Each structure stands twice: as C-alpha cells, then as structure tokens.
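Next come the chains, spelled out residue by residue.
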Amino acid sequence: MADVVQYRLERMVDELEDLERRGLFTRREIAEIVKQRRKFEYRLKRPSPLKQDFIAYIDYETQLDSLRQLRKKAVNRELVRQGKKKTKTRKSVSDFASVARIMEIYRLAVTRYKGDVELWFRYLEFCRQRKNGRMKKVLAQVIRFHPKVPGVWIYAAAWEFDHNLNVAAARALMQSGLRMCPNSDDLWVEYLRMELTYLNKLKARKVALGEDKGTLVRDQKDADKKQWKEENQDLFMSLNDEEKENDDHRSDEDSEKPDLFSEHASGVLRTIYKGAIQALPSTFSLRKQFLQILEAIEVADSEELREEILSDTKRDFSADPEYWDWLARLEISTPSSIGKKNEDAMLSQLQKAVQVYEEAIMVVPSAIMFKLYIKFLMDVIASEMGEMEASGLSNHNYNYISHILKIYEKAETMGCLTEELACQYISFYTQLGRLEEAKKVVQNLCCGQLSDSVQLWHLRVSLEIRCITKNSLSPSKSDALSIFELLKTVLTKMSMSEAESLWMMALKFFANQKYFEKLIELSLKSVAKYGGSENGFSLSSAIVNFILQKDGLEHAREVYKRFLALPRPGLALYRNCIELESNLASLGNEDALINARKLYEAALATYDQDTSLWKDYYSLETKLGTSETAAAIYWRARKTIKSSAVIFTSPDQS
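In this text, all values refer to a predicted model and were calculated from it rather than measured experimentally.

Quick notes on the rules
- Residues numbered from 1 in each chain as written.
- Predicted model: local features only at pLDDT ≥ 70, side-chain atom pairs only at ≥ 80, totals over all residues.
- Heavy atoms only, no water.
- 1 Å grid on protein atoms, 1.4 Å probe; cavity = no way out; pocket = protein on both sides within 12 Å on 5 of 7 lines; lining within 4 Å.
- Points joined across faces, edges and corners; volume = space filled by probe spheres on them.
- Helix = DSSP H or I, 4+ residues; strand = E, 2+ residues; numbered from the N terminus.
- Nonpolar A, V, L, I, M, F, W, Y, C, P; charged D, E, K, R; others polar.
- Buried < 20%, exposed > 50% of the residue type's maximum accessible area, 1.4 Å probe, protein only.
- Contact = heavy atoms within 4.5 Å.
- Salt bridge = Lys/Arg side-chain N within 4 Å of Asp/Glu carboxyl O.
- Patch = residues over 30% accessible without salt bridge, like charges linked within 9 Å, V, L, I, M, F, W, Y side chains within 5 Å.
- Areas by Shrake-Rupley, 256 points an atom, 1.4 Å probe, with all protein chains shown as cover.
- Phe/Tyr/Trp six-rings, centres within 6.5 Å; stacked < 30°, edge-to-face > 60°.
- Core = buried A, V, L, I, M, F, W, Y, C linked by side-chain atoms within 4.5 Å.
- Expected span 1.5 Å × (residues − 1).
- Lys, Arg positive; Asp, Glu negative; His and termini not counted.
- Charge placed at Lys NZ, Arg CZ, Asp CG, Glu CD.

1. Regarding empty space enclosed by the protein
Inference 1: Scanning the entire structure with this criterion turns up two cavities of 30 Å³ or more.
Inference 2: Put simply, the largest cavity is a space of about 50 Å³.
Inference 3: Contributing to the lining of the largest cavity are Glu15, Leu19, Phe25, Arg37, Glu61, Leu64, Asp65, Arg68 and Ser98.
Inference 4: The element best represented in the lining of the largest cavity is helix α4 (residues 51–82), accounting for four residues.
Inference 5: Partitioning the lining of the largest cavity into residue classes produces three nonpolar, one polar and five charged.

Have a look at this one:
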C-alpha cells in the first residue's frame, strides 16, 4: 500500500514544482498539499474505501484548483500592471494536472460504486462543466450500467442535443430509452419537448433567412392583441383603399400558404401522444403534461388535438375525482389573464367550472369529490377578495358562500358527509358567525349518521359553551345542567381514550361549579366499566392532577384512593400517584414515603412481572430508605420476576 501511495505522490512532483515556480503556492503550502494528498491516497488504498473518502478527496482537489485559478489571475494582473506581460502565457502542467486527477478519482469511485446513480451524475456534471473529452465514454458506461434509469437517457440525449448539436443521436438515445423504460412518463414528455424544440429551431432559422415568420411558441400577449383587433375592427380605418386591397390580398396569400412546421409539429405531438398513452394508459399526470405542452405552442389542428386529449382522458379517468377537479380548474384562465378580463367573462368561466363539478358529483359521488368542489369555491372566494381590494371588482362572495352551504347539504343528503367534511361544515358556519345554525346542524349530525364522531361532539359541546358564555362568563343553573347532561350522554357511551378531549373540556368548564363532583362520580363509573389505562392517557390520573392544582394535596389523595378502590384502576394511575408521593417524600415528608411504599406494594400485587416497577421501587428505597430495605426489594424482585434477570444493580455490586 505504502509503495503505491508513494509512487502516486512522486508523479505529482512536476505539477508541484510548476506551482512553486510560477509563484502560485509557497513551499510551506505545497508541503501541506502533499500531506493532505497522502492522507487521502491512504484512505483510497484501504481494503474497503468508503464513498465519503472519494467525495472528500474530490472536494479538496476542486477547492484547491479554484484557489489555483484565483491566484493565477492575481499574478497575471500584477504582471500586466508592471508591464512585463505582453503575450499570452502558455499553459503548463499545473493547468491540466488537477482536472486529470479529479477525473481519475471519479473513475475509481464509479468503478468501486457502479450502482450509485448520484455519483455517476456528479461525474457527468464535472465532465460537462470542464468540457472534458471523456464525456462520451462516461455516458456510454452509465447507460450500460443503468439502462433502467430514465434520467440517464434524458441526460445523454440533452447533452447530444445541446452540446454536440446532434439531433439524430439525441433522437436515437431517446427512442432507445423509451424501449428500455416504456413506463416512464418523464421520458415521454422530454422526448416530445426535444422534438418540438428542434422544429422550433428550424422554423427560427427560416425566419432569420426571411423565408418564414412567426414561431411555434405561443405568445399570450400577441394572441390577446390579435383578438382585441379582431373584436374592434371597426375602430381601424384605412386611409387608402388601394393599400387596403393590397393588405387584404397579402393576408389571403399568407392564410392560404400552408405552415409545414406547424403541421409537422402537430403530427409529431399526435404520434408521441398515442405511443405514450398506449404505454401508460393509467397515468393521469402524463395527459395533463401533454395538454400543457399543446397549450404552450401553436400547431395545426390544435383544437382538434385538444379535444382528442380531453375525450381520451375523460374516457379513461372519469371515475377519478382528481380528473374532474383538474377539468374544472382548466375552465379558469391563469390569474394574470383573469385580471385583464371583464367581470362577465370571469363569471362565465366560473359557471362552466361549477357545471363540471356538478356533473362530477353525479358521476363520482364521493367525499373526496365534494371536498375538492368545496376547496375550489374557497379558492375562488379568496381570489375574489384579493382582486376586489386590488381592482375594485364587485363582490360575489355571498353567492359563493350560499353555494358552498348547499354543497354541504347535498353531501349530507347523498351520504358522502364524512367526519372531516362535517367538521369543516360546522367550522364554516362558525366562521360566518352563524352560531345558531351551526348548533342545529351539529345537533342533527351527532344524533344521526355521525353519532360516534368524537370531533363532532367536541364541536357541539364547544358551540354550546360558546353560546352560553357569549353574554355572561358564569352560566346559569339551567345552562350548566344542559351542558352536563349533554356531556354525560356522550361520555357514558364512549371509551375514555376516545373521549379524552371531551373529558378535559368538561373538567375545565365545571372546575368551579357544583357539577364537578358529579363529573368525578361519572368518571368513577367509566373507570369501573372500561378499566384503567396501562399507559397513555389516563382519565383518573388527569383528574387527580387537576384536583391537586385546584384543591391541594389532601383532596387529591382522597380522590386517588377512591379510584384505587376500583377493581382495575390501571398501572398509569399507580405510577402517577407514586410520582406524586415520591416527590413529596424527597422533600422530607415521612407520610408521603409511607404512602409511596403502600402504592408500590399495591401495584406489585397486580403487576409483579413489571421490571420497571421493581426498578423504580428499588431506586426509591436506595435514595430515601435504608440499605436493608433496598436489599429486600432487590431479592424479592429476583425471586418474583420469571422472564429475565433483574436489570438493576444489586446492593452488593453498588
């Protein structure tokens, strides 16, 4: 290994001497360069060099070459200032050695890690930036090792097309890539872009020679200007009838003259489109990209092509809600063009989009479809608000809001109202400030098909509380009773883990009222019915902590004793109570230490195989008890636990 490294370093002598002779680096800097290179060379000569070793070496050499170029420019400027440099300096060995070394490191890296596509692309990018002659060879290698990666074919074709100006080679690479990766939508789209770009370049060449005019790329400004002139033709008056006749004759000749490039582009697009949908019949994004390309260019029979793509898409994706959402939004022009059109045109476009959505909810009656429909109208309201502030347009938000409410009602009627949609329905009413209507809707939903939805019940209770506390902070007796009965209805039929948010809301609302004790009684019944929690949310623990902050320690002890008297209080409650008493015991409270020991004994009577519980008990005795009590706990744990050895340290080892 050392001989190979030394040999490679000796081959760098000419380069290093040249750097010193030209004044780019000092002798001390060159010694540091040799030191760093020796370190990297030893890393690469290990039995299993890492990818990071190659990358680090490449980064170091790249930065070193950048520094060399900067210093070379500085030296040349100094020579020019002194008047010593009159002719262009001939390049020396140091100008080529760094690039050659980096290329060699890349070669070794990809030889070691042939399957790393990212590394190959870094190699290709370096060759492209430095315009290295090895680029074609590297492309051939990466295609041979990764023929199933579409990006490789796209990169190779782009290099042939843009750098070598070899359209035939680029087309051959794209077609080979499509044979190897027929299911890549990116490859089909890029192939179409390449062919259209080539045709546009040919047309631009004809235009430069004066043999043609225009371009395949559609300019929205020119299209709008032409449309405006056609609509306002009466405003233009010719000063000379003969000139008018000549212009008409010239325009007739231009219209009769066929545009070969436009027709060829139409044929290319149609051919590639048919091949793409045959290879990828179930890829919706591919159809969208083809339509976007078609709308960005001017080709012959563009309307016919557009209708063909739309009809094929409707035939294949009419059961997909995403298709209908895209189709409806297609009726709306871009925001920039909308701002220039009048209000009637905007309303007409919106009505067409709404008609598409109405057809969609009949064809695909699903919650997703209704959600997309509502989101579209919400976006329209937001854009209307912005445009109204910017351009002073009239506000149609009221019509949109009423339409959104009708959509929610239709979703409920058709049985497509999910929990998420229902919550959005109620929240929408709340945002409008129509609390009474929101209360009626959520009441019907909670008593109907979504009676098991915790989120809806939470919204219902919060709405009731909001209406009660709207005028006064303290509710009346009848209002408090109605809220308690409502909570009692839902809390008795749902498990404690599901109704966690409702329990916490009830505790906060009834904290300073007489119904708080009734709420505790209700929680005792729930714990007795469903059992306590072993981990996660524990209703009894939450109540104990709430009472501890509200009424103090003694009341909290009374409550947790009531919970512990139940058949299955749960391990989470034991742990919470033990933590409470242990914290007090650490402050010197003897009663708290006694209570903590009692709680540990009660918990171990049920959970005697819980190793962490034994460990915590032992830790408590170690800190606050005696060595005898700690040893007793340790040996009891050794005898009781069957699954594995005790994981905490014995008193003899400590």
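2. Some points on the environment of Arg128
Inference 1: By the element assignment, Arg128 lies in helix α6 (residues 117–129).
Inference 2: Among the residues examined, Arg128 registers a relative accessible area of 39% and is labelled partly exposed.
Inference 3: Taking the C-alpha atoms as reference points, Arg128 and Trp159, 31 residues apart in sequence, are found 8.5 Å from one another.
Inference 4: Setting aside residues up to four positions removed in sequence, Arg128 forms contacts with Met135, Tyr155 and Trp159.

3. A look at the pattern of salt bridges
Inference 1: Taken as a whole and judged by the stated rule, the model has 47 salt bridges.
Inference 2: Between Asp95 and Arg22 there is a salt bridge, with its nearest N and O atoms 3.2 Å apart. Highlighted residues: Asp95 in helix α5 (residues 93–112) and Arg22 in the loop between α2 (13–21) and α3 (27–44), separated in sequence by 73 residues.
Inference 3: By relative accessible area, Asp95 is classed as buried at 10%.
Inference 4: As a salt-bridge pair, Arg122 and Asp59 come within 3.4 Å of each other at their nearest N and O atoms. Placement of Arg122 in helix α6 and of Asp59 in helix α4 is noted, with a sequence separation of 63 residues between them.
Inference 5: Residues participating in the shared-partner salt-bridge network are Asp18, Arg21, Arg22, Asp65, Arg68, Lys72, Asp95 and Arg130.

4. Remarks on a nonpolar patch on the surface
Inference 1: A contiguous nonpolar surface patch, about 280 Å² in accessible area, is contributed by Met362, Val363 and Met414.
Inference 2: Exposure remark for Met362: the relative accessible area of 59% places this residue in the exposed category.

5. Comments concerning unusual backbone geometry
Inference 1: At Leu165, a residue that is not glycine, the phi angle is positive and equals roughly 55°.
Inference 2: Inspection of the secondary structure assignment puts Leu165 in the loop between α8 (150–162) and α9 (167–180).
Inference 3: A relative accessible area of 62% places Leu165 in the exposed class.

6. Here's the deal with the packing of aromatic side chains
Inference 1: For the structure on display, the rule yields 27 aromatic pairs.
Inference 2: When the centroid spacing of 5.0 Å and the interplanar angle of 10° are considered together, the rings of Phe40 and Tyr57 count as stacked. Remark: Tyr57 occurs in helix α4 and Phe40 occurs in helix α3; sequence separation between them is 17 residues.
Inference 3: Since its relative accessible area comes to 6%, Phe40 is described here as buried.
Inference 4: Here Tyr357 and Tyr373 contribute two aromatic rings whose centre-to-centre distance is 4.8 Å and whose plane-to-plane angle is 5°, an arrangement assigned as stacked. Separated by 16 residues along the polypeptide, Tyr357 in helix α18 (residues 343–363) and Tyr373 in helix α19 (residues 367–391) bring together distant segments of the chain.

7. Digging into the nonpolar core
Inference 1: Counting 191 residues, the largest nonpolar core has Leu456, Leu491, Leu502, Phe510 and Leu519 as its most contacted members.
Inference 2: Apart from residues lying up to four places away in sequence, Leu491 is in contact with Ala499, Leu502, Trp503, Leu519, Leu522 and Ser526.

8. A few points about the side chain of Asp312
Inference 1: Note that Asp312 resides in helix α15 (residues 302–317).
Inference 2: The exposure class of Asp312 is buried, given its relative accessible area of 11%.
Inference 3: Beyond its immediate stretch of four places on either side in the chain, Asp312 contacts Tyr273, Ile277 and Arg287.

9. A short note on helix α21 (residues 419–432)
Inference 1: Spanning 14 residues, α21 covers 20 Å between terminal C-alpha atoms, matching the ideal 20 Å at 1.5 Å per step.
Inference 2: Along α21, the positions that sit buried rather than exposed are Leu421, Ala422, Cys423, Tyr425, Ile426, Phe428 and Tyr429.
Inference 3: Positive phi shows up at Gly433, right after α21, with a value of about 85°.

10. Here's the deal with a positive patch on the surface
Inference 1: Residues Lys477, Lys488, Lys514, Lys518 and Lys525 make up a contiguous surface patch of positive charge.
Inference 2: Of all elements in the fold, only α24 (477–493) and α26 (515–530) reach the threshold of two or more residues within the positive patch.
Inference 3: Position of Lys525 among the secondary structure elements: in helix α26.
Inference 4: Judged by its relative accessible area of 60%, Lys525 is exposed.

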